[in-house]
Each structure stands twice: as structure tokens, then as C-alpha cells.
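Each chain, letter by letter, is given below.
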Amino acid sequence: MNLPGKIAIIGGGSWATALAKIALSTQDSINWYMRRPDRIAEFERLGHNPCYLTSVKFDLNKITFFSNINQAIKNSDTLIFATPSPFLKQHLKKVRTSLSDKFIISAIKGIVPDENMLVSDYFAEYYKVPAGNIAVLGGPCHAEEVALERLSYLTLGCPDIEQAKMISPVFHNQYLMNSVCKDVVGIEYASVLKNVYAIAAGICHGMKYGDNFQAVFISNAIEEMKRFVDTIHALDRDITDSVYLGDLLVTAYSRFSRNRTFGTMIGKGYSVKTAQLEMEMIAEGYYGTKCIKEINGKYQVNMPILDAVYDILYEKKPASPVICQLSETFK
């Protein structure tokens, strides 16, 4: 496979838009699938995404839009999926063309709900994509800072390092650096867990816990993450690398973090439903909490932070006593 070939962005949200901006900084043109034809029409009229990262202007001559996912796939070699994890199955159910000869990059920071499967495993099992043709993108990297062209870093995980090295120039420009590694499983689970922990950090922030506590919280969260990913997929990884610790830090602290924002609303007393209704974007950590909780039923890793977030979001326990009890387990 001669990578990257023709690139297609699959998705129309903020991260998909940021990835399109990145791809067009290194490629002559891209394909772009968006589900809604009306959004495409508005994009073409305005010259920017009408709903997300509206400050980013695009050269429309370099973009071929598709509202039919099968046509987008047929006309592309590398597919970058950037849809919210709860909607992935909905998009893929429409696929009638083979994905087995495509290179798949998952930029999805979540687990496939109901299946409780990593996105990479889902493509491998249900769409027969060879493991060496599947890569994942890890942060720390907020779409909003890509839009502002602030220096950012990505990690590309792929079992086939040579394939990853061929793809990596797509994600390298004057404001973006990247590295490659083989830890697909670790990156995917870490990207789910950091969203869960960002919700917890937001809850604590909403309850007016200070910076001292947040520092202790992050120290305990990264240890919990390490326990889980090392149990699920033993590998010689350094949990302090930016794709693990760095992504956790930015998601737990940044004003751009939708998971932190969601958690802050919960900490201020919003119900889960009310917070979800007021959010303009999906907080992936809400779904990730349930998925990881169910997965951990098999492994029984000690995960007090995950358990606390689950109790607040799904058992509807009051946040104050749950966080108070959680804080007593910290060191």
C-alpha cells in the first residue's frame, strides 16, 4: 500500500474539522464525508464549517464533499474516522463497500458502546481490516488550538511502524509535531480513561476543590490509568509520555475540554440530563465511564476514580459524599 494516497475525513464535528485543516496543510486535496447534505451546502456557501471551528477558512477547490459514505470510501485510500464513538456504528451500518484494503486511522476517543470494543478491534473484527492497516491518533491536542495554530503534538499508534512512518508526514507542519509507536491498545484505553478522569476533575472544580487537590487527583488518576492499561495489555510503555499523561493533563485542565465542562456542571449541581442538554458537543467520557466499568468487571482492577464517576453519573449518587470518600483514598 502506497500511503497515504487519497485521504478522506469521516465526520463533521470540531475534531474532524481540525484534522481536515491539518491534512490540507500537507496534502493537495482531500475527500470529506459529512452525513447531512444541508451542512455540506452551507459549508460550500460560507467557506467554513457552519457549526464547528467557524474561524477556520477552507479552500473549497481542495475539498470533495460526500454525503454518501460508500462513495467517500471508494474514492479514498486512507480513511480518518473522527465521529463521536456513540455514532460510529450508525455510520458504519451504511457501509456496503469493503474496508479491508483501506488504511484506517481512528481519531475517535472512545469505545464502541454496547459492544464494549476498542474502535481498532471493531474494524478488525467486523470489517476485516488487517491490524497493520489500522492506526490510532492520540493527543494531547485540542481542536480549538489546532484552529489557532498553536504548537501541538500527536502520537500515531500502529502495529506496523513502517506504515505509521509513511502516514506521519500528514500530521507534521509548522504548528504540529508527531511521533509513532506500536501501543494501539494502550493509547485507545488511555484516551477513554482521560475523558473519565476529566469529568471527575470537572466535578471537583464545580465543587470548588482547589489546585492543590487537583494536583493530587491527577497523580492518582495517572496511577489508576497505568494499573488498568498494564493489566489489559502488558507492554513496555512509559505512562508519563505525552500521549498518556499529557493527554490526561490537557483534558482535565483545559477550558476547551468538553468532559471537564460537563463534570463542572455536575459538580455545580446540574443533573446529568440537564448538563447533557446544555452541552453543544458530546462528552465522550459519559459513555466511556459505563464501558470501562463493564470491561473492568472482568479484570477487577482497583479503580476508585472510575467507580466514583460511575456512581455519580449512573447510580445518581450525590457528588459531595462520593468525592469526599474518594479523596480519602488518595495519597
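Residues numbered from 1 in each chain as written. Predicted model: local features only at pLDDT ≥ 70, side-chain atom pairs only at ≥ 80, totals over all residues. Heavy atoms only, no water.

### Looking at the sheet that holds strand β9 (residues 152-157)
Working step 1: Spatially, the eight strands line up as an open sheet ordered β3-β2-β1-β4-β5-β8-β9-β10, and their pairing is mixed. Both edges of this open sheet fall to β3 (63-66) and β10 (176-181), since each of them pairs with a single strand only. Recorded for the sheet is a direction-independent mean angle of 25 degrees between the axes of neighbouring strands.
Working step 2: The pairing of strand β1 (residues 7-10) with strand β4 (residues 78-81) spans four bridges and is parallel. From the neighbouring strand, I9 faces β4, where its bridge partner is I80.
Working step 3: With respect to the sheet, helix α5 (residues 119-127) is in contact with β4, β5 (103-106) and β8 (134-138), its orientation differing from that of β8 by roughly 165 degrees. (Pairing = 2+ DSSP bridges. Helix = DSSP H or I, 4+ residues; strand = E, 2+ residues; numbered from the N terminus. Axes fitted to C-alpha atoms, helices over the stretch in contact; angles between N-to-C directions. Contact = heavy atoms within 4.5 Å.)

### Quick look at helix α14 (residues 304-313)
The periodicity of an α-helix, 3.6 residues per turn, causes residues three or four places apart in sequence to face the same way.
Working step 1: Across the ten residues of α14, eight count as buried, placing the element largely inside the fold.
Working step 2: Along α14, the positions that sit buried rather than exposed are I305, L306, A308, V309, Y310, D311, I312 and L313.
Working step 3: Taken together, the buried residues of α14 touch α8 (184-206), α9 (211-232), α11 (258-267), α12 (272-278), α13 (284-299) and α15 (319-327). (Buried < 20%, exposed > 50% of the residue type's maximum accessible area, 1.4 Å probe, protein only.)

### Examining empty space enclosed by the protein
Working step 1: A full pass over the atoms with the stated rule returns one cavity of 30 Å³ or more.
Working step 2: The wall of the largest cavity is formed by S106, I108, K109, V136, L137, I187, E188 and S191.
Working step 3: Within the residue set of the lining of the largest cavity, elements represented by two or more residues are β8 and α8.
Working step 4: A per-class count over the lining of the largest cavity returns four nonpolar, two polar and two charged. (1 Å grid on protein atoms, 1.4 Å probe; cavity = no way out; pocket = protein on both sides within 12 Å on 5 of 7 lines; lining within 4 Å. Points joined across faces, edges and corners; volume = space filled by probe spheres on them. Nonpolar A, V, L, I, M, F, W, Y, C, P; charged D, E, K, R; others polar.)

### A short note on the layout of surface pockets
Working step 1: Taken as a whole, the largest pocket holds about 940 Å³ of empty space.
Working step 2: Lining the largest pocket are 40 residues, and of these G13, S14, A82, P84 and R258 sit closest to its centre.
Working step 3: Broken down by secondary-structure element, the contributors of at least two residues to the lining of the largest pocket are α1 (14-26), α4 (88-92), α6 (143-147), α8, α10 (242-253) and α11.
Working step 4: Here the residues of the lining of the largest pocket sort into 17 nonpolar, 13 polar and ten charged.

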